[in-house]
Amino acid sequence: MSEEPVDVLIIGAGASGAAVAWSLTDTRMSIVCLEQGDWMNPADYPSTQKDWELRRFGDFGLSPNGRGRREDYPVNDAESPISISNFNAVGGSTILYAGHFPRFHPSDFKVKSLDGVADDWPIDYQRLEPYYAQNDQMMGVAGLAGDPAYPPKEVPLPPVALGEFGHRLGRGFNELGWHWWPSDSAIATQAHAGRAPCINLGPCLLGCAQGAKGSTDVTYWPSAIRRGVELRTRCRVREITVDENGMANGATYYDADGTERHQKAEIVIVACNGVGTPRLLLNSKSKQFPDGLANRNGLVGKNLMFHPYAMVNGIFEERLDAYKGPMGCCVMSQEFYETDPTRGFLRGYSFEIVRGMGPVGTAVMGLMGEKLPWGEGHHRAFEELFDRSAGMVAICEDLPEAHNCVSLDPELCDSDQVPAPKINYRLSDNSRKMIDHAVARAQEVLAASGAVDTQVEAPLGVAGWHLMGTARMGSDPKTSVVNEWGRSHDVRNLFIVDGSIFVTAAGVNPTCTIQALALYISDTIKKNLSNLFD
Amino acid sequence: MSEDQFSPDARETLAAVLDGIIPANDAASLPGAGSLGVASYLETIQNRKPELVEVFALLINALDAFARARDCDRFAALPLPARAEALQEIARTHPGPFSSLLFHTYAGYYQEDRVLEAQGVPARAPFPEGYEMEPNDLSLLDAVRQRPKMFRE
Ligand SMILES: Cc1cc2nc3c(=O)[nH]c(=O)nc-3n(C[C@H](O)[C@H](O)[C@H](O)COP(=O)(O)OP(=O)(O)OC[C@H]3O[C@@H](n4cnc5c(N)ncnc54)[C@H](O)[C@@H]3O)c2cc1C
């Protein structure tokens, strides 16, 4: 069944799809967004129940493979030490994200020129700066101006509560003379654009019942819909279709009843994330594109980057009050961010302080980590663990390598029988060395902050939540999938706006850069409407 | 009585098992998990996850069988050292089901109001009250503010 043609079809209603949809409403174009997930109901979020920490093992799990939600698609990540974490709903993975919102640094766009590795981006920090600022307003970013690790920037809202643990770590960093700063966080610390302020619930990574966290279902989408975008939920796109000239002409999808439909469009924008986007392109095979759409050079799905994480937890003798406050947003350190070749690796990493768990989380994670025995000794062990354990993660910059990739699994399919993605990923030597360095430094700062012991998980197995590089941007059609404004080299009315287009990964969380890029690409589309397909 | 509720005998065994898994905490004046009523939580959980009915039944039967092999009619009637021995044995012979029981016992126990209060944690869901936190002391950043710019152009 075919529907009225629209000017713009956006696929995916997550971080990037929401931003591009909102921005394009400045035009008079008709815009439809197809999203396989549904609206979330914050009243059902785990933090409204006493068993909130257990939902991580069920319908709010990180992996789509174990969540049991109809809107998820399976991912074969058996051949990767890091498994995929995502969410499929209006808001996409921002429903679960921690809201950590650091920008890239100027050097992150020039890694080849500065450090001789990977490639430079075809755009730079200055080009994105106005879009970062616009996005910070829309998402409601909290933080503190004056950070010497960044070019000067304004921050719309005051920083999140550091709490006993954040202050303690701050003193620890000071003792070592290392950089630290309150995290830039997409968390409304004051009422902002109709959103209620953060009340330190803790479980941001299970959805924010208060609506203070900037997931795009509460930031961009309400405004985009008011401004005329039609968002169709529970609509899973199987493939993007092309006409005889190889131009995209719409998408075939399954609606909420499983009925196959076709939406015609003049422009197609893909926003399905660093795994969902290559999956969709590879599934979009045609006479003109037998190996998948926009894939004439075979690069779709290649160069997958995560951020390898090292998690180091400190055990303290005193209570930390660390179950209060935004779980993932507190303090960041970029002491080891810029390249220093004497460290034995190139590029660098950020530290982010993560808070501790509540009683149930401490108990079940203690059980699974074999740190909390049953029977005699249980209570003593619990006393030592609960609210005395919290720590930090290092977010290490990954470099693009063609063998790290997303392909189609030959057997695995989603509930609509659409082939599922398969991940092949190996940790590079550079990443391993960076992780080792980060673990040792984390142990130093935790000791300086009073930790009597530390526990390490590196690389952190569940940390496949930053998905980048699988349809990279560049000016050379031989070595990239999209040009410097997100347009496919092969298909001139096809745009990609999510983390797939990253050239390199930097050592910070990607979402504010993903969204700044989406706004920049939208602006470029708006400025070039008359000759968009030339 | 429905299939997913424990019979009085099963409940008695289970209460003793749970007391063995999380014993009384004298320092906090708290009874063990069984005496605190965590069996009711397990009942709720097996209502939600019917596959657990069999798991819990298997363990209860195995522990009662252990007791009978020692001339005692049920697990709860065994002296404490023998109960501990039985639990060790079952943990070894039925590791999967036993881990599952441990998981749900821990989860249930640490949601009990009395346990949370003993830990100094409000006995409620985080939302809607949330938590008060101390104000930020940003003077701690004075030294960092003095640093020259750290980023490369
Ligand atoms: C637990 C967790 C914590 C995180 N913490 C942070 C953090 O602190 N800071 C940070 O910067 N980032 C964080 N991230 C990552 C962040 O969520 C992502 O970078 C961001 O959401 C990516 O935006 P996106 O638009 O590319 O994709 P997503 O937000 O993932 O949205 C993609 C959307 O496309 C839809 N879709 C996919 N395929 C199809 C199809 N075929 N048809 C229809 N719809 C489709 C999906 O359902 C989904 O809603 C975290 C992620 C997770 C899971």
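What you see is a predicted model, and the numbers here were worked out from it, not measured in a lab. (Residues numbered from 1 in each chain as written. Chains lettered and ligands numbered in written order. Predicted model: local features only at pLDDT ≥ 70, side-chain atom pairs only at ≥ 80, totals over all residues. Heavy atoms only, no water.)

Novice: Quick rundown of the overall build of chain B? Include the residues and the values.
Specialist: Scanning chain B from N- to C-terminus turns up seven helices and zero strands. Along the chain direction, N to C, the helices and strands of chain B fall in the order α-α-α-α-α-α-α. Compactness check: chain B gives a C-alpha radius of gyration of 23 Å against a globular reference of 15 Å for 153 residues, more than 25% above the reference. Each of the three principal axes of chain B carries a C-alpha extent, and together these read 80 × 35 × 35 Å. The 153 residues of chain B split such that 44% are buried. In chain B, the proportion of contacts linking residues at least 24 apart, taken out of those at least 6 apart, comes to 62%. Per element, the accessible surface of chain B, about 7700 Å² overall, is 52% carbon and sulfur. Counting 14 positive and 23 negative side-chain charges, chain B places the averaged centre of each group 9 Å from the other. (Helix = DSSP H or I, 4+ residues; strand = E, 2+ residues; numbered from the N terminus. Rg over C-alpha atoms; globule rule 2.2 N^0.38 Å. Buried < 20%, exposed > 50% of the residue type's maximum accessible area, 1.4 Å probe, protein only. Contact = heavy atoms within 4.5 Å. Areas by Shrake-Rupley, 256 points an atom, 1.4 Å probe, with all protein chains shown as cover. Lys, Arg positive; Asp, Glu negative; His and termini not counted. Charge placed at Lys NZ, Arg CZ, Asp CG, Glu CD.)

Novice: Could you give an account of helix α1 (residues 15-24) of chain A, naming the residues involved and the relevant values?
Specialist: Of all 10 residues in α1 of chain A, 10 are buried; the element is thus mostly enclosed. Along α1 of chain A, the residues classified as buried are Ala15, Ser16, Gly17, Ala18, Ala19, Val20, Ala21, Trp22, Ser23 and Leu24 of chain A.

Novice: Which residues make up the environment of alanine 442 of chain A, and what values go with them?
Specialist: Residue and element names in this part refer to chain A. For alanine 442, the location among the structural elements is in helix α10 (residues 429-448). The buried category is assigned to alanine 442, whose relative accessible area is 1%. Residues alanine 442 and phenylalanine 351, 91 residues apart in the sequence, show an inter-C-alpha distance of 8.0 Å. Setting aside anything within four residues of it in sequence, one finds alanine 442 in contact with Val312, Phe351 and Met392.

Novice: Which residues make up the site of the ligand, and what values go with them?
Specialist: Residues and elements named next belong to chain A. Around the ligand, the surrounding shell holds 38 residues, and the nearest of these are Ser16, Glu35, Ser93, His100 and Thr511. Within the side chain of glutamine 36, an N or O atom sits 3.0 Å from an oxygen atom of the ligand. Serine 93 places a side-chain nitrogen or oxygen 2.7 Å from an oxygen atom of the ligand. When the free accessible area of the ligand is taken as 990 Å², the share hidden by the protein chains comes to 98%. Elements represented by at least two residues in the shell around the ligand include exactly α1, β6 (236-242) and α11 (511-527). For the shell around the ligand, the per-class residue count stands at 18 nonpolar, 17 polar and three charged. (Near = heavy atom within 4 Å. Polar contact = N/O pair within 3.5 Å; in protein donor to acceptor, adjacent residues only side chain to side chain. Nonpolar A, V, L, I, M, F, W, Y, C, P; charged D, E, K, R; others polar.)

Novice: Which residues make up the confidence of the model for chain B, and what are the values?
Specialist: Counting all residues, the mean pLDDT for chain B is 95, and 97% of those residues have values of 70 or more. Here the predicted complex scores 0.97 on pTM and 0.95 on ipTM. (pLDDT = per-residue confidence, 0-100.)

Novice: So what about the interface of chain B and chain A? Which residues, and what values?
Specialist: Reports of interface size often rely on the accessible area that becomes lost once the parts have come together. Each partner contributes to the interface: chain B provides 53 residues, whereas chain A provides 67 residues. Of the roughly 4900 Å² buried between chain B and chain A on both sides combined, carbon and sulfur atoms contribute 65%. Between arginine 48 of chain B and aspartate 51 of chain A there is a salt bridge, with its nearest N and O atoms 3.9 Å apart. In this structure, the connection of chain B to chain A is made through 24 residue pairs in polar contact (both at pLDDT 80 or more). Where the side of chain B that touches chain A is concerned, the elements lending two or more residues are α1 (8-21), α2 (38-48), α4 (80-93), α5 (95-109), α6 (113-118) and α7 (142-145) of chain B. (Buried area = accessible area lost by both parts, 1.4 Å probe. Salt bridge = Lys/Arg side-chain N within 4 Å of Asp/Glu carboxyl O.)

Novice: Give a detailed account of the sheet that holds strand β3 (residues 76-79) of chain A, specifying residues and quantitative values.
Specialist: Residue and element names in this part refer to chain A. Taken together, three strands build an open sheet; the order of strands is β3-β14-β13 and the sheet is mixed. Pairing within the sheet leaves two strands with one partner each, and these edge strands are β3 and β13 (405-413). Between one strand axis and the next, the sheet turns through 40° on average, direction left out of account. Of the pairings in the sheet, the one linking β13 to strand β14 (residues 419-424) comprises five bridges and is antiparallel in character. Each bridged residue has a counterpart across the sheet, and for cysteine 413 the counterpart in β14 is proline 419. Against the sheet, helix α7 (residues 273-283) contacts β13 and β14, and its axis sits at roughly 65° relative to β13. (Pairing = 2+ DSSP bridges. Axes fitted to C-alpha atoms, helices over the stretch in contact; angles between N-to-C directions.)

Novice: Tell me about the pairing of strand β9 (residues 309-315) of chain A, and name the residues and values.
Specialist: Residues and elements named next belong to chain A. The element β9 is extensively covered by neighbouring structure, given that seven of its seven residues are classed as buried. The side-chain alternation of β9 yields two buried faces, one formed by Tyr309, Met311, Asn313 and Ile315 and the other by Ala310, Val312 and Gly314. Here seven bridges tie β9 to strand β12 (residues 389-396), and the two strands are oriented antiparallel to one another. Paired with asparagine 313 across the strands is glycine 391, a residue of β12. Two strands pair when backbone bridges link them, and β9 and strand β15 (residues 453-457) are joined in this way by five bridges, in the antiparallel orientation. Note on β15: the bridge partner recorded for glycine 314 is threonine 454.

Novice: Provide a residue-level description of a nonpolar patch on the surface, including the pertinent values.
Specialist: Where nonpolar side chains cluster on the molecular surface, the patch consists of Phe57, Met357, Met365 and Met368 of chain A and spans about 350 Å² of accessible area. Topologically, methionine 357 of chain A is positioned in the loop between β11 (349-354) and α8 (359-368). (Patch = residues over 30% accessible without salt bridge, like charges linked within 9 Å, V, L, I, M, F, W, Y side chains within 5 Å.)

Novice: How would you explain the nonpolar core if you had to name every residue and give the values?
Specialist: Residues and elements named next belong to chain A. Ile11, Trp121, Trp221, Ile240, Ile269, Leu494 and Leu517 are the most contacted members of the largest nonpolar core, which totals 93 residues. Looking at this core, the element that brings in the most residues is α11, giving nine residues. In this view, tryptophan 221 contacts Ala13, Gly14, Gly17, Ala18, Ala21, Cys33, Trp39, Val90, Gly91, Thr216, Val229 and Leu231; residues no more than four positions away in its chain are not counted. (Core = buried A, V, L, I, M, F, W, Y, C linked by side-chain atoms within 4.5 Å.)

Novice: Quick rundown of the sheet that holds β15 of chain A? Include the residues and the values.
Specialist: Residues and elements named next belong to chain A. Overall, antiparallel pairing links the six strands, which are arranged β4-β10-β11-β12-β9-β15 in an open sheet. Edge positions in the sheet fall to β4 (181-182) and β15, since each of these pairs with one other strand and no more. Bridging between strand β10 (residues 331-333) and β11 involves two bridges; their strand directions are antiparallel. Within β11, the residue paired with serine 333 across the bridge is phenylalanine 351. Contacting β10, β11 and β12, helix α5 (residues 163-176) crosses the sheet at an angle of about 140° to β11.

Novice: Can you lay out the packing of aromatic side chains for me, pointing to particular residues and giving the numbers?
Specialist: The final tally for this structure, using the stated rule, is 28 aromatic pairs over all chains. Ring centres 5.9 Å apart and planes at 40° place the aromatic pair tryptophan 485 of chain A and phenylalanine 495 of chain A in the tilted group. Here tryptophan 485 of chain A is found in the loop between β15 and β16 (494-496), whereas its partner phenylalanine 495 of chain A is found in strand β16, with 10 residues between them in sequence. The residues tryptophan 485 of chain A and phenylalanine 495 of chain A share a single accessibility class, namely buried. One residue, lysine 149 of chain B, lies across the ring of phenylalanine 151 of chain B, its end atom 4.9 Å from the ring centre. (Phe/Tyr/Trp six-rings, centres within 6.5 Å; stacked < 30°, edge-to-face > 60°. Lys NZ or Arg CZ within 6 Å of the ring centre and 35° of its normal.)

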